[in-house]
Amino acid sequence: MCRNTVSISWDGFMYDCDFNQMLNLKVALPENHITQFDYERLSVRNIVLNHHCYGCTAGSGSSCGGEVA
Ligand code: SF4
C-alpha cells in the first residue's frame, strides 16, 4: 500500500498507510498535509518503517484475514 497510495486522516494529514496513520507516523516530508499535496515529492519520499511493517502483507496484502506461511 505504501508504495502506491497514501492514507488521509480526518484532519487532512497524510500517512504512508493506515497502519502508520494509527501510529501517527506522518509521511516523511515537511509537506505532510493534503493541502500541500505534491505528487512528484510524494512519489520519491522515504517510507516511514517500523516494527509493524510487513504485517500488511498478511493474506497477500489483500485483507486483514491473515495467513500462515
Ligand atoms: S505497514 Fe509498513 S510496509 Fe506495510 S504499507 Fe505500511 S509502511 Fe508500508
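Data block above holds the structure.
Residues numbered from 1 in each chain as written. Predicted model: local features only at pLDDT ≥ 70, side-chain atom pairs only at ≥ 80, totals over all residues.

Caption draft 1: Representation of the overall build of the chain within the structure. Tallying secondary structure elements over the chain gives 2 helices and 2 strands in all. For the chain, the α and β elements follow one another from N to C terminus as β-β-α-α. Counting only residues that meet the buried cut, the chain has 9% of its 69 residues in that class. Counted over contacts in the chain with a minimum sequence separation of 6, partners at least 24 positions apart contribute 22%. (Helix = DSSP H or I, 4+ residues; strand = E, 2+ residues; numbered from the N terminus. Buried ≥ 20, exposed ≤ 12 C-beta atoms within 10 Å, placed from the backbone. Contact = placed C-beta atoms within 7 Å.)

Caption draft 2: Representation of unusual backbone geometry in the model. For Asn24, which is not glycine, the phi torsion reads 60° and is therefore positive. Examined against the element boundaries, Asn24 turns out to sit in the loop between helix H1 (18–22) and helix H2 (39–43).

Caption draft 3: How the structure looks around the site of the ligand. All residues adjacent to the ligand are Met1, Cys2, Asp16, Cys17, Phe19, Asn20, Ile47, Leu49, His52, Cys53, Tyr54 and Cys56. Residue classes in the shell around the ligand are distributed as 9 nonpolar, 2 polar and 1 charged. (Near = placed C-beta within 6 Å. Nonpolar A, V, L, I, M, F, W, Y, C, P; charged D, E, K, R; others polar.)

Caption draft 4: Geometry of the environment of Val6. Along the chain, Val6 falls in the segment before strand E1 (7–8). Distance from Val6 to Gln21, taken between C-alpha atoms, is 9.5 Å for residues 15 residues apart in sequence. In this structure, Val6 is in contact with Met14, Tyr15, Asp16, Val27 and Leu42, ignoring residues within four places of it in sequence.

Caption draft 5: Here's a closer look at the environment of Ser9. Mapping Ser9 onto the fold places it in the loop between E1 and strand E2 (14–15). Taking the C-alpha atoms as reference points, Ser9 and Lys26, 17 residues apart in sequence, are found 9.8 Å from one another. Not counting residues up to four positions away in its chain, the partners in contact with Ser9 are Tyr15 and Gln21.

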